Amino acid sequence: MNVSTTTEQARVFRQLQLDAAKTQTERNKLGQFATPTDLAFDIVQYAKELLTPHSQIQFLDPAFGTGAFYSALLQLFSPTQVKESVGYEIDSHYGLEAISFWRDTPLQLHLADFTQAIPPSCDDKKANLLICNPPYVRHHHLSRIEKQRLQNQTFQITGIKLSQLASLYCYFLCLADAWMADNCIAGWLIPSGFMDVNYGQQIKEYLLSSVTLLRVHLFHPNDVQFADALVTSAVVWFKKTLPPSNHHVEFSYGKSLATPNKSKLVSVETLCSTPKWTKIGFTSNNTQSNLKQFQLKDLFTIKRGLATGANNFFVLTKEQVLAYQLPIEFLTSILPSPRYLLIDEIEADIKGNPILTQQLFLLDCALPIAEVQANYPMLWQYLQMGVDNGISDRYLCRHRSPWYSQEKRPPSPFLCTYMGRQDTKRGRPFRFILNHSQATATNVYLILYPLPVLAQALSQNSELLKQVWQALNEISDEMLMCEGRVYGGGLYKLEPKELGNAIVSIPRSF
Ligand SMILES: C[S@@+](CC[C@H](N)C(=O)[O-])C[C@H]1O[C@@H](n2cnc3c(N)ncnc32)[C@H](O)[C@@H]1O
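Per an unreviewed UniProt entry, the protein chain carries the name site-specific DNA-methyltransferase (adenine-specific) and comes from Richelia sinica FACHB-800. For the record of the protein chain, the UniProt heading Catalytic activity (unreviewed entry) holds the text "a 2'-deoxyadenosine in DNA + S-adenosyl-L-methionine = an N(6)-methyl-2'-deoxyadenosine in DNA + S-adenosyl-L-homocysteine + H(+)".

(A) Highlighting the overall build of the protein chain. Along the backbone of the protein chain there are 19 helices and 22 strands. Taken over the C-alpha atoms alone, the protein chain extends approximately 90 × 50 × 40 Å along its principal axes. Here the protein chain, with 510 residues, has 52% of them falling under the buried criterion. Accessible area for the protein chain stands at about 24200 Å²; split by element, carbon and sulfur atoms hold 53% of it. Positive and negative side-chain charges of the protein chain, numbering 46 and 44 respectively, have mean locations separated by a distance of 4 Å.

(B) Expanded view of the sheet that holds strand 4 (residues 127-132). Strand order in this open sheet of nine strands is 3-2-1-4-5-7-6-8-9, and the pairing throughout is mixed. Taken across any chain shown, the strands that pair with only one partner, and hence form the sheet edges, are strand 3 (107-110) and strand 9 (262-267). Within the sheet, the average angular offset between the axes of one strand and its neighbour, ignoring direction, is 15°. Pairing of strand 6 (residues 212-218) with strand 8 (residues 248-253), which is carried by four bridges, proceeds in the parallel orientation. Across the sheet, the residue bridging to Val216 is Phe251, located in strand 8. Helix 4 (residues 68-76) rests against strand 1 (57-61), strand 2 (82-88), strand 3, strand 4 and strand 5 (180-191) of the sheet, and its axis sits at about 160° to strand 1.

(C) Examining the state of the cysteines more closely. Applying the stated criterion across every chain, the model contains zero disulfides. The thiol sulfur of Cys184 is not disulfide-bonded, and the nearest other cysteine sulfur, from Cys132, lies at 12 Å. With no disulfide of its own, Cys365 has Cys397 as its nearest cysteine by sulfur position, at a separation of 14 Å.

(D) Highlighting the site of the ligand. Close contacts around the ligand come from 24 residues, with Thr35, Ala63, Glu89, Asp113 and Phe114 the closest. Glu89 places a polar side-chain atom, nitrogen or oxygen, 2.6 Å from an oxygen atom of the ligand. Here Asp113 contributes a side-chain N or O atom positioned 2.8 Å from a nitrogen atom of the ligand. When the ligand sits alone it has 600 Å² of accessible area, and the protein chains cover 97% of it.

(E) How the structure looks around the domain arrangement of the protein chain. With domains assigned, the protein chain is organised as domain 1 (5-285) and domain 2 (303-364 + 406-507). On a C-alpha basis, the centres of domain 1 and domain 2 stand 44 Å from each other.

(F) View of the nonpolar core. Core analysis: the biggest nonpolar cluster contains 53 residues, and Trp188, Leu207, Leu213 and Phe238 have the highest contact counts within it. Among the elements that make up this core, the one with the highest residue count is helix 7 (residues 168-175) (eight residues). Core analysis: the next-biggest nonpolar cluster, separate from the first, contains 33 residues, Ala40, Ala68, Leu107 and Leu109 among them.

(G) Looking closely at the pairing of strand 19 (residues 445-450). Of all six residues making up strand 19, five are buried, and the element is well covered by its neighbours. The pairing of strand 11 (residues 300-304) with strand 19 spans five bridges and is classified as antiparallel. Each residue of the ladder has a partner; that of Lys303, found in strand 19, is Ile447.

(H) Structural context of the confidence of the model for the protein chain. A residue-level look at the protein chain finds 91% of positions with pLDDT of 70 or above and a mean pLDDT of 90. Contacts for the low-pLDDT stretch residues 283-288, under 50 throughout, to residues beyond four places or in other chains number five contacts.

(I) View of helix 16 (residues 452-460). Residues of helix 16 that are buried: Leu454, Ala457 and Leu458. All buried residues of helix 16 fall inside an arc of 100° around its axis, so they share one side. Across helix 16 from its buried face, at more than 90 degrees, point the exposed residues Pro452, Ser459 and Gln460. In this structure, the buried residues of helix 16 make contact with strand 11, strand 16 (414-417), strand 19 and helix 17 (464-473).

Conventions we followed
Residues numbered from 1 in each chain as written. Predicted model: local features only at pLDDT ≥ 70, side-chain atom pairs only at ≥ 80, totals over all residues. Heavy atoms only, no water. UniProt positions renumbered as here; feature names shortened; annotations may be inferred. Helix = DSSP H or I, 4+ residues; strand = E, 2+ residues; numbered from the N terminus. Buried < 20%, exposed > 50% of the residue type's maximum accessible area, 1.4 Å probe, protein only. Areas by Shrake-Rupley, 256 points an atom, 1.4 Å probe, with all protein chains shown as cover. Lys, Arg positive; Asp, Glu negative; His and termini not counted. Charge placed at Lys NZ, Arg CZ, Asp CG, Glu CD. Pairing = 2+ DSSP bridges. Axes fitted to C-alpha atoms, helices over the stretch in contact; angles between N-to-C directions. Contact = heavy atoms within 4.5 Å. Disulfide = S-S within 2.5 Å. Near = heavy atom within 4 Å. Polar contact = N/O pair within 3.5 Å; in protein donor to acceptor, adjacent residues only side chain to side chain. Domains from an automatic or database assignment. Core = buried A, V, L, I, M, F, W, Y, C linked by side-chain atoms within 4.5 Å. pLDDT = per-residue confidence, 0-100. Arc of directions from axis to C-beta.

Encoded structure:
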(Lines give C-alpha, C1' and ligand atoms only; values in the text may rest on other atoms or scores of the structure.)
Protein backbone atom coordinates (compact mmCIF):
# COMPACT_ATOMS: atom_id res chain seq x y z
CA MET A 1 0.00 0.00 0.00
CA ASN A 2 1.40 3.36 -0.99
CA VAL A 3 0.47 5.77 1.72
CA SER A 4 -0.75 9.14 0.59
CA THR A 5 -1.66 12.27 2.46
CA THR A 6 -5.28 11.17 2.07
CA THR A 7 -4.51 8.01 4.01
CA GLU A 8 -2.85 10.13 6.67
CA GLN A 9 -5.85 12.44 6.84
CA ALA A 10 -8.10 9.40 7.30
CA ARG A 11 -5.84 8.10 10.08
CA VAL A 12 -5.89 11.45 11.89
CA PHE A 13 -9.66 11.54 11.58
CA ARG A 14 -9.92 8.08 13.22
CA GLN A 15 -7.41 9.14 15.89
CA LEU A 16 -9.55 12.16 16.81
CA GLN A 17 -12.68 9.99 17.00
CA LEU A 18 -10.88 7.48 19.22
CA ASP A 19 -9.50 10.25 21.47
CA ALA A 20 -12.94 11.80 21.75
CA ALA A 21 -14.39 8.51 22.95
CA LYS A 22 -12.13 8.64 26.02
CA THR A 23 -11.93 10.98 28.97
CA GLN A 24 -8.84 13.11 29.55
CA THR A 25 -8.13 11.14 32.76
CA GLU A 26 -8.20 7.85 30.87
CA ARG A 27 -5.83 9.19 28.24
CA ASN A 28 -3.47 10.62 30.87
CA LYS A 29 -3.22 7.22 32.50
CA LEU A 30 -1.70 5.63 29.39
CA GLY A 31 -0.07 8.74 27.95
CA GLN A 32 -2.32 8.76 24.91
CA PHE A 33 -1.32 11.90 23.06
CA ALA A 34 -0.80 11.32 19.39
CA THR A 35 2.03 12.95 17.47
CA PRO A 36 0.81 15.64 15.05
CA THR A 37 1.21 14.69 11.39
CA ASP A 38 3.79 17.37 10.53
CA LEU A 39 5.98 16.52 13.48
CA ALA A 40 5.83 12.77 12.80
CA PHE A 41 6.77 13.46 9.19
CA ASP A 42 9.64 15.76 10.22
CA ILE A 43 10.96 13.10 12.57
CA VAL A 44 10.88 10.25 10.05
CA GLN A 45 12.35 12.52 7.41
CA TYR A 46 15.28 13.28 9.67
CA ALA A 47 15.68 9.56 10.39
CA LYS A 48 16.01 9.10 6.64
CA GLU A 49 18.97 11.48 6.64
CA LEU A 50 20.66 9.41 9.33
CA LEU A 51 20.14 6.06 7.63
CA THR A 52 22.41 4.70 4.94
CA PRO A 53 20.63 5.37 1.62
CA HIS A 54 18.66 2.40 0.28
CA SER A 55 19.18 0.37 3.46
CA GLN A 56 16.52 -2.22 4.23
CA ILE A 57 14.49 -0.96 7.15
CA GLN A 58 13.38 -2.97 10.16
CA PHE A 59 11.14 -0.52 11.92
CA LEU A 60 9.89 -0.60 15.49
CA ASP A 61 7.45 1.70 17.28
CA PRO A 62 7.00 0.45 20.86
CA ALA A 63 4.03 2.77 21.56
CA PHE A 64 2.16 2.62 18.29
CA GLY A 65 -1.20 4.31 18.90
CA THR A 66 -2.76 4.51 15.44
CA GLY A 67 0.65 4.82 13.79
CA ALA A 68 1.62 8.44 13.16
CA PHE A 69 5.25 7.41 12.56
CA TYR A 70 4.34 4.33 10.57
CA SER A 71 2.23 6.49 8.29
CA ALA A 72 5.16 8.87 7.73
CA LEU A 73 7.48 5.90 7.19
CA LEU A 74 5.29 4.57 4.40
CA GLN A 75 5.12 8.01 2.82
CA LEU A 76 8.87 8.56 2.92
CA PHE A 77 10.23 5.13 2.01
CA SER A 78 9.37 2.82 -0.84
CA PRO A 79 7.49 -0.36 0.16
CA THR A 80 10.45 -2.47 -0.98
CA GLN A 81 12.77 -0.62 1.39
CA VAL A 82 10.63 -1.32 4.44
CA LYS A 83 11.58 -4.91 5.20
CA GLU A 84 9.71 -5.25 8.48
CA SER A 85 7.55 -3.06 10.71
CA VAL A 86 6.71 -4.00 14.26
CA GLY A 87 4.55 -2.09 16.71
CA TYR A 88 3.29 -2.50 20.28
CA GLU A 89 0.12 -0.95 21.61
CA ILE A 90 -1.28 -1.75 25.04
CA ASP A 91 -4.76 -0.35 24.48
CA SER A 92 -7.00 -2.30 22.12
CA HIS A 93 -9.17 0.80 21.77
CA TYR A 94 -6.41 2.23 19.53
CA GLY A 95 -4.68 -1.05 18.66
CA LEU A 96 -7.64 -2.85 17.03
CA GLU A 97 -8.45 0.20 14.99
CA ALA A 98 -4.79 0.48 13.89
CA ILE A 99 -4.70 -3.20 12.86
CA SER A 100 -7.78 -2.69 10.76
CA PHE A 101 -6.56 0.61 9.31
CA TRP A 102 -3.18 -0.78 8.24
CA ARG A 103 -4.44 -4.24 7.22
CA ASP A 104 -3.17 -3.87 3.65
CA THR A 105 0.38 -3.20 4.85
CA PRO A 106 2.89 -5.66 6.29
CA LEU A 107 2.64 -4.17 9.82
CA GLN A 108 2.95 -6.62 12.74
CA LEU A 109 1.12 -4.84 15.53
CA HIS A 110 1.08 -6.60 18.89
CA LEU A 111 -1.70 -5.69 21.29
CA ALA A 112 0.51 -6.00 24.33
CA ASP A 113 2.48 -4.15 26.98
CA PHE A 114 5.82 -3.34 25.40
CA THR A 115 7.59 -3.31 28.76
CA GLN A 116 6.64 -6.98 29.25
CA ALA A 117 7.31 -8.19 25.73
CA ILE A 118 10.27 -10.47 25.07
CA PRO A 119 12.86 -8.86 22.79
CA PRO A 120 14.26 -10.83 19.82
CA SER A 121 17.33 -12.83 20.75
CA CYS A 122 19.34 -12.38 17.55
CA ASP A 123 20.50 -9.15 15.99
CA ASP A 124 18.98 -9.70 12.56
CA LYS A 125 15.49 -9.87 14.07
CA LYS A 126 16.01 -6.57 15.89
CA ALA A 127 15.15 -3.10 14.60
CA ASN A 128 17.55 -0.85 12.75
CA LEU A 129 15.16 2.09 12.99
CA LEU A 130 13.22 2.80 16.16
CA ILE A 131 10.95 5.81 16.39
CA CYS A 132 8.85 6.36 19.46
CA ASN A 133 6.65 8.83 21.24
CA PRO A 134 6.34 6.82 24.45
CA PRO A 135 3.69 7.31 27.14
CA TYR A 136 4.74 10.20 29.41
CA VAL A 137 3.05 8.65 32.46
CA ARG A 138 4.56 10.15 35.63
CA HIS A 139 5.96 7.93 38.37
CA HIS A 140 3.11 8.52 40.83
CA HIS A 141 0.73 6.87 38.35
CA LEU A 142 2.86 3.72 38.41
CA SER A 143 2.13 1.28 41.24
CA ARG A 144 4.92 0.18 43.59
CA ILE A 145 4.87 -3.33 42.12
CA GLU A 146 4.88 -1.97 38.60
CA LYS A 147 7.85 0.28 39.35
CA GLN A 148 9.75 -2.58 40.94
CA ARG A 149 9.23 -4.74 37.87
CA LEU A 150 10.24 -1.96 35.50
CA GLN A 151 13.31 -1.15 37.56
CA ASN A 152 14.43 -4.79 37.66
CA GLN A 153 13.91 -5.26 33.94
CA THR A 154 15.76 -2.05 33.09
CA PHE A 155 18.63 -3.09 35.29
CA GLN A 156 18.84 -6.53 33.67
CA ILE A 157 18.90 -5.08 30.16
CA THR A 158 21.06 -2.01 30.53
CA GLY A 159 22.66 -2.25 33.96
CA ILE A 160 20.98 1.07 34.75
CA LYS A 161 19.16 1.52 38.03
CA LEU A 162 16.49 4.10 37.33
CA SER A 163 15.27 6.33 40.14
CA GLN A 164 11.90 5.72 41.83
CA LEU A 165 10.90 9.10 40.40
CA ALA A 166 11.48 8.15 36.75
CA SER A 167 8.51 8.52 34.41
CA LEU A 168 7.38 5.62 32.22
CA TYR A 169 9.14 7.06 29.13
CA CYS A 170 12.52 6.57 30.85
CA TYR A 171 11.82 2.85 31.21
CA PHE A 172 10.65 2.63 27.62
CA LEU A 173 13.86 4.20 26.38
CA CYS A 174 16.09 1.87 28.42
CA LEU A 175 14.10 -1.32 27.74
CA ALA A 176 14.08 -0.63 24.01
CA ASP A 177 17.86 -1.08 24.03
CA ALA A 178 17.30 -4.84 23.86
CA TRP A 179 15.19 -4.41 20.70
CA MET A 180 17.79 -2.48 18.78
CA ALA A 181 20.32 -4.13 16.45
CA ASP A 182 23.88 -2.81 16.45
CA ASN A 183 23.98 0.60 14.74
CA CYS A 184 20.20 0.96 15.00
CA ILE A 185 19.08 4.58 14.74
CA ALA A 186 16.65 5.69 17.43
CA GLY A 187 14.56 8.83 17.58
CA TRP A 188 12.63 9.49 20.81
CA LEU A 189 10.06 12.22 21.18
CA ILE A 190 10.12 12.74 24.92
CA PRO A 191 9.61 15.48 27.50
CA SER A 192 12.70 17.60 27.97
CA GLY A 193 12.42 17.09 31.75
CA PHE A 194 15.00 14.30 31.93
CA MET A 195 17.69 16.79 30.89
CA ASP A 196 17.49 18.80 34.06
CA VAL A 197 16.03 16.68 36.84
CA ASN A 198 17.83 14.19 39.06
CA TYR A 199 15.92 11.18 37.77
CA GLY A 200 17.19 11.92 34.27
CA GLN A 201 20.81 11.51 35.32
CA GLN A 202 20.92 7.79 34.49
CA ILE A 203 19.28 8.41 31.12
CA LYS A 204 21.92 11.00 30.31
CA GLU A 205 24.65 8.58 31.34
CA TYR A 206 23.15 5.93 29.06
CA LEU A 207 23.00 8.41 26.17
CA LEU A 208 26.59 9.50 26.66
CA SER A 209 28.31 6.22 27.34
CA SER A 210 26.26 3.25 26.11
CA VAL A 211 25.19 4.64 22.73
CA THR A 212 26.27 7.45 20.43
CA LEU A 213 24.07 10.45 21.08
CA LEU A 214 23.70 12.21 17.73
CA ARG A 215 21.34 15.06 18.27
CA VAL A 216 19.01 16.62 20.81
CA HIS A 217 16.40 18.97 19.44
CA LEU A 218 14.48 21.05 21.92
CA PHE A 219 11.25 22.70 20.96
CA HIS A 220 10.65 26.16 22.30
CA PRO A 221 8.89 26.04 25.68
CA ASN A 222 6.04 28.15 24.27
CA ASP A 223 5.70 25.87 21.29
CA VAL A 224 3.93 22.98 22.96
CA GLN A 225 3.95 20.12 20.50
CA PHE A 226 0.75 18.48 21.63
CA ALA A 227 -2.29 20.64 21.84
CA ASP A 228 -3.52 18.54 24.75
CA ALA A 229 -0.37 17.69 26.71
CA LEU A 230 1.39 20.51 28.50
CA VAL A 231 5.01 19.47 28.26
CA THR A 232 8.06 20.81 26.50
CA SER A 233 9.24 18.19 24.09
CA ALA A 234 12.59 17.13 22.79
CA VAL A 235 13.59 14.74 20.06
CA VAL A 236 16.59 12.69 21.09
CA TRP A 237 18.52 10.87 18.37
CA PHE A 238 21.10 8.21 18.97
CA LYS A 239 22.79 5.25 17.35
CA LYS A 240 23.35 1.95 19.05
CA THR A 241 27.11 1.94 18.97
CA LEU A 242 29.72 3.15 21.41
CA PRO A 243 30.63 6.82 20.97
CA PRO A 244 33.87 7.63 19.14
CA SER A 245 36.54 9.56 21.01
CA ASN A 246 36.10 13.31 21.11
CA HIS A 247 32.47 12.97 20.07
CA HIS A 248 30.25 16.04 19.67
CA VAL A 249 26.47 16.13 19.81
CA GLU A 250 24.28 18.52 17.89
CA PHE A 251 21.97 20.55 20.12
CA SER A 252 19.32 22.39 18.19
CA TYR A 253 16.50 24.63 19.30
CA GLY A 254 13.12 25.81 18.23
CA LYS A 255 11.01 25.69 15.10
CA SER A 256 11.51 22.29 13.46
CA LEU A 257 14.08 19.54 13.15
CA ALA A 258 14.79 20.50 9.55
CA THR A 259 15.06 24.25 10.17
CA PRO A 260 15.84 24.90 13.81
CA ASN A 261 16.29 28.45 15.06
CA LYS A 262 19.78 27.60 16.16
CA SER A 263 22.07 24.69 16.47
CA LYS A 264 25.49 24.00 17.94
CA LEU A 265 27.85 21.13 18.54
CA VAL A 266 28.57 20.26 22.14
CA SER A 267 31.35 17.92 23.24
CA VAL A 268 30.50 14.88 25.33
CA GLU A 269 32.93 16.29 27.88
CA THR A 270 30.83 19.46 28.20
CA LEU A 271 27.65 17.42 28.44
CA CYS A 272 29.15 15.31 31.23
CA SER A 273 29.93 18.40 33.24
CA THR A 274 26.69 20.30 32.52
CA PRO A 275 23.98 19.32 35.01
CA LYS A 276 21.13 20.98 33.09
CA TRP A 277 21.17 20.21 29.41
CA THR A 278 18.30 22.54 28.59
CA LYS A 279 20.58 25.41 29.57
CA ILE A 280 23.23 24.48 27.04
CA GLY A 281 21.74 26.47 24.21
CA PHE A 282 21.66 29.64 26.19
CA THR A 283 25.04 29.63 27.91
CA SER A 284 27.35 29.75 24.95
CA ASN A 285 28.45 33.00 23.44
CA ASN A 286 29.53 31.58 20.12
CA THR A 287 26.18 30.55 18.72
CA GLN A 288 24.93 32.83 16.00
CA SER A 289 21.52 32.16 14.65
CA ASN A 290 22.64 32.49 11.00
CA LEU A 291 25.47 30.01 11.48
CA LYS A 292 25.48 26.27 11.90
CA GLN A 293 28.30 24.30 13.46
CA PHE A 294 29.89 21.26 11.87
CA GLN A 295 32.89 19.13 12.61
CA LEU A 296 35.20 19.35 9.62
CA LYS A 297 34.94 15.60 9.11
CA ASP A 298 31.23 16.08 8.37
CA LEU A 299 32.08 18.41 5.51
CA PHE A 300 35.38 17.13 4.15
CA THR A 301 37.43 14.06 3.49
CA ILE A 302 40.79 15.16 4.79
CA LYS A 303 43.93 13.64 3.31
CA ARG A 304 47.56 14.38 3.65
CA GLY A 305 49.02 15.69 0.36
CA LEU A 306 51.04 13.32 -1.78
CA ALA A 307 54.29 11.85 -0.61
CA THR A 308 56.67 11.62 -3.57
CA GLY A 309 59.53 10.05 -1.63
CA ALA A 310 61.95 12.47 -3.35
CA ASN A 311 60.63 15.99 -3.84
CA ASN A 312 63.97 17.14 -5.31
CA PHE A 313 63.55 14.64 -8.11
CA PHE A 314 59.78 14.68 -8.71
CA VAL A 315 58.97 18.35 -8.09
CA LEU A 316 60.55 20.52 -10.73
CA THR A 317 60.73 24.20 -11.53
CA LYS A 318 59.74 25.48 -14.97
CA GLU A 319 63.42 25.93 -15.78
CA GLN A 320 64.20 22.31 -14.88
CA VAL A 321 61.29 21.08 -16.99
CA LEU A 322 62.66 23.03 -19.94
CA ALA A 323 66.24 21.97 -19.34
CA TYR A 324 65.37 18.26 -19.17
CA GLN A 325 62.76 18.63 -21.96
CA LEU A 326 60.20 16.65 -20.00
CA PRO A 327 56.89 16.00 -21.80
CA ILE A 328 54.04 18.20 -20.62
CA GLU A 329 51.55 15.33 -20.38
CA PHE A 330 53.38 13.91 -17.37
CA LEU A 331 53.51 17.17 -15.47
CA THR A 332 50.92 18.52 -13.08
CA SER A 333 50.99 21.86 -11.30
CA ILE A 334 51.88 21.55 -7.66
CA LEU A 335 51.99 24.12 -4.89
CA PRO A 336 55.27 25.16 -3.30
CA SER A 337 55.74 24.41 0.37
CA PRO A 338 53.89 26.79 2.73
CA ARG A 339 57.20 28.51 3.52
CA TYR A 340 57.34 29.79 -0.06
CA LEU A 341 53.64 30.42 -0.39
CA LEU A 342 53.31 34.04 0.63
CA ILE A 343 49.59 34.39 -0.12
CA ASP A 344 46.63 32.43 1.23
CA GLU A 345 44.37 32.73 -1.81
CA ILE A 346 45.78 31.26 -5.01
CA GLU A 347 44.41 32.57 -8.30
CA ALA A 348 44.68 30.59 -11.52
CA ASP A 349 45.45 31.38 -15.16
CA ILE A 350 43.13 30.17 -17.91
CA LYS A 351 44.88 26.80 -18.00
CA GLY A 352 44.28 26.33 -14.29
CA ASN A 353 47.92 26.90 -13.37
CA PRO A 354 48.42 28.77 -10.10
CA ILE A 355 49.54 32.37 -10.50
CA LEU A 356 52.60 32.30 -8.29
CA THR A 357 56.12 33.65 -8.60
CA GLN A 358 57.47 30.14 -8.34
CA GLN A 359 55.78 27.67 -10.66
CA LEU A 360 56.34 24.03 -9.82
CA PHE A 361 55.44 20.81 -11.58
CA LEU A 362 55.01 17.28 -10.37
CA LEU A 363 56.34 14.45 -12.48
CA ASP A 364 53.79 11.64 -12.58
CA CYS A 365 53.83 8.94 -15.21
CA ALA A 366 52.05 5.60 -15.14
CA LEU A 367 53.49 4.16 -18.37
CA PRO A 368 55.72 1.08 -18.23
CA ILE A 369 59.40 1.89 -18.61
CA ALA A 370 59.69 0.19 -22.02
CA GLU A 371 56.97 2.44 -23.40
CA VAL A 372 58.65 5.50 -21.91
CA GLN A 373 61.95 4.46 -23.52
CA ALA A 374 60.29 3.94 -26.90
CA ASN A 375 58.12 7.06 -26.97
CA TYR A 376 59.61 9.59 -24.54
CA PRO A 377 63.39 9.33 -24.69
CA MET A 378 63.99 12.55 -22.72
CA LEU A 379 61.77 11.39 -19.87
CA TRP A 380 63.48 7.99 -19.98
CA GLN A 381 66.87 9.67 -19.63
CA TYR A 382 65.62 11.66 -16.66
CA LEU A 383 64.23 8.53 -14.99
CA GLN A 384 67.54 6.77 -15.57
CA MET A 385 69.15 9.51 -13.49
CA GLY A 386 66.71 8.63 -10.72
CA VAL A 387 67.75 4.98 -10.97
CA ASP A 388 71.45 5.89 -10.96
CA ASN A 389 71.00 8.14 -7.92
CA GLY A 390 69.15 5.44 -5.95
CA ILE A 391 65.82 7.30 -5.98
CA SER A 392 63.94 4.35 -7.49
CA ASP A 393 65.13 2.26 -4.53
CA ARG A 394 63.83 4.62 -1.87
CA TYR A 395 61.12 3.18 0.34
CA LEU A 396 58.10 5.07 -1.06
CA CYS A 397 59.25 4.79 -4.67
CA ARG A 398 59.91 1.07 -4.35
CA HIS A 399 56.34 0.61 -3.16
CA ARG A 400 54.81 2.30 -6.19
CA SER A 401 54.31 0.71 -9.56
CA PRO A 402 55.94 2.09 -11.62
CA TRP A 403 58.18 3.86 -9.09
CA TYR A 404 57.80 7.19 -10.95
CA SER A 405 53.98 7.25 -10.69
CA GLN A 406 52.34 9.22 -7.88
CA GLU A 407 49.50 8.80 -5.40
CA LYS A 408 46.18 10.21 -6.61
CA ARG A 409 45.60 13.57 -5.02
CA PRO A 410 43.38 15.68 -7.25
CA PRO A 411 43.35 19.43 -6.60
CA SER A 412 40.95 20.84 -4.04
CA PRO A 413 39.93 24.42 -3.26
CA PHE A 414 40.80 23.97 0.42
CA LEU A 415 44.15 23.15 1.97
CA CYS A 416 45.60 23.45 5.40
CA THR A 417 49.20 23.83 6.44
CA TYR A 418 49.25 21.38 9.29
CA MET A 419 52.64 22.02 10.78
CA GLY A 420 53.63 25.30 12.25
CA ARG A 421 54.79 27.43 15.09
CA GLN A 422 52.99 30.12 16.96
CA ASP A 423 56.04 32.32 17.14
CA THR A 424 56.19 33.05 13.40
CA LYS A 425 55.63 36.48 11.84
CA ARG A 426 51.98 35.56 11.29
CA GLY A 427 51.66 34.32 14.87
CA ARG A 428 49.42 31.48 13.68
CA PRO A 429 50.59 27.90 13.50
CA PHE A 430 48.10 26.77 10.84
CA ARG A 431 46.82 28.40 7.67
CA PHE A 432 43.88 27.57 5.45
CA ILE A 433 44.58 28.14 1.76
CA LEU A 434 41.92 28.84 -0.86
CA ASN A 435 43.11 27.31 -4.11
CA HIS A 436 41.36 28.38 -7.34
CA SER A 437 43.95 26.53 -9.42
CA GLN A 438 44.32 22.93 -10.56
CA ALA A 439 47.50 22.51 -8.54
CA THR A 440 47.82 19.59 -6.22
CA ALA A 441 49.99 19.57 -3.11
CA THR A 442 52.60 17.47 -1.38
CA ASN A 443 52.36 16.14 2.14
CA VAL A 444 53.37 19.43 3.71
CA TYR A 445 49.66 20.23 3.34
CA LEU A 446 46.45 18.57 4.38
CA ILE A 447 43.97 18.58 1.52
CA LEU A 448 40.31 19.07 2.41
CA TYR A 449 38.05 17.47 -0.20
CA PRO A 450 34.43 18.64 0.12
CA LEU A 451 32.03 15.76 0.78
CA PRO A 452 29.14 15.48 -1.73
CA VAL A 453 26.75 17.51 0.42
CA LEU A 454 29.17 20.46 0.54
CA ALA A 455 30.41 19.96 -3.02
CA GLN A 456 26.86 20.24 -4.29
CA ALA A 457 26.18 23.38 -2.25
CA LEU A 458 29.44 24.90 -3.54
CA SER A 459 28.45 24.21 -7.13
CA GLN A 460 25.11 25.91 -6.60
CA ASN A 461 26.25 28.96 -4.67
CA SER A 462 29.31 30.78 -5.96
CA GLU A 463 29.67 32.84 -2.77
CA LEU A 464 29.87 29.82 -0.53
CA LEU A 465 33.48 28.99 -1.47
CA LYS A 466 34.80 32.17 0.13
CA GLN A 467 32.39 31.93 3.04
CA VAL A 468 33.63 28.43 3.84
CA TRP A 469 37.25 29.55 3.54
CA GLN A 470 36.59 32.50 5.85
CA ALA A 471 34.85 30.20 8.29
CA LEU A 472 37.86 27.85 8.26
CA ASN A 473 40.11 30.80 9.01
CA GLU A 474 37.90 31.75 11.91
CA ILE A 475 38.50 28.43 13.67
CA SER A 476 40.44 29.54 16.67
CA ASP A 477 44.11 28.63 16.98
CA GLU A 478 43.32 27.32 20.45
CA MET A 479 40.85 24.80 19.05
CA LEU A 480 43.25 23.63 16.35
CA MET A 481 46.15 23.46 18.77
CA CYS A 482 44.21 21.49 21.31
CA GLU A 483 43.07 19.01 18.62
CA GLY A 484 46.65 18.59 17.44
CA ARG A 485 49.87 17.88 19.24
CA VAL A 486 52.85 19.95 20.16
CA TYR A 487 56.42 18.87 19.61
CA GLY A 488 59.59 20.09 21.23
CA GLY A 489 60.48 23.65 20.27
CA GLY A 490 56.82 24.66 19.95
CA LEU A 491 56.09 22.90 16.66
CA TYR A 492 52.38 22.15 16.34
CA LYS A 493 51.11 19.37 14.11
CA LEU A 494 47.63 18.27 13.06
CA GLU A 495 46.84 14.82 11.74
CA PRO A 496 43.96 14.57 9.21
CA LYS A 497 41.77 12.94 11.86
CA GLU A 498 42.56 15.67 14.37
CA LEU A 499 41.71 18.42 11.90
CA GLY A 500 38.46 16.54 11.22
CA ASN A 501 37.44 17.02 14.85
CA ALA A 502 37.71 20.80 14.73
CA ILE A 503 34.44 22.70 14.62
CA VAL A 504 33.56 25.29 12.02
CA SER A 505 30.54 27.60 11.93
CA ILE A 506 29.27 28.12 8.43
CA PRO A 507 26.23 29.91 7.03
CA ARG A 508 22.96 28.20 7.83
CA SER A 509 21.85 28.70 4.21
CA PHE A 510 24.17 25.80 3.39
C1 LIG B 1 2.18 9.23 23.21
S2 LIG B 1 1.19 8.00 22.47
C3 LIG B 1 1.95 7.83 20.89
C4 LIG B 1 1.12 7.14 19.91
C5 LIG B 1 1.66 7.14 18.46
N6 LIG B 1 2.92 6.43 18.34
C7 LIG B 1 1.85 8.56 17.97
O8 LIG B 1 3.01 8.99 17.89
O9 LIG B 1 0.88 9.23 17.68
C10 LIG B 1 1.67 6.59 23.36
C11 LIG B 1 0.94 5.31 23.01
O12 LIG B 1 1.51 4.26 23.77
C13 LIG B 1 0.50 3.41 24.24
N14 LIG B 1 1.03 2.75 25.46
C15 LIG B 1 1.00 3.17 26.74
N16 LIG B 1 1.59 2.27 27.55
C17 LIG B 1 2.04 1.29 26.74
C18 LIG B 1 2.73 0.07 26.97
N19 LIG B 1 3.12 -0.26 28.18
N20 LIG B 1 3.01 -0.72 25.91
C21 LIG B 1 2.64 -0.37 24.64
N22 LIG B 1 1.96 0.75 24.38
C23 LIG B 1 1.67 1.57 25.41
C24 LIG B 1 -0.66 4.34 24.50
O25 LIG B 1 -1.89 3.65 24.53
C26 LIG B 1 -0.53 5.33 23.36
O27 LIG B 1 -1.28 4.90 22.27
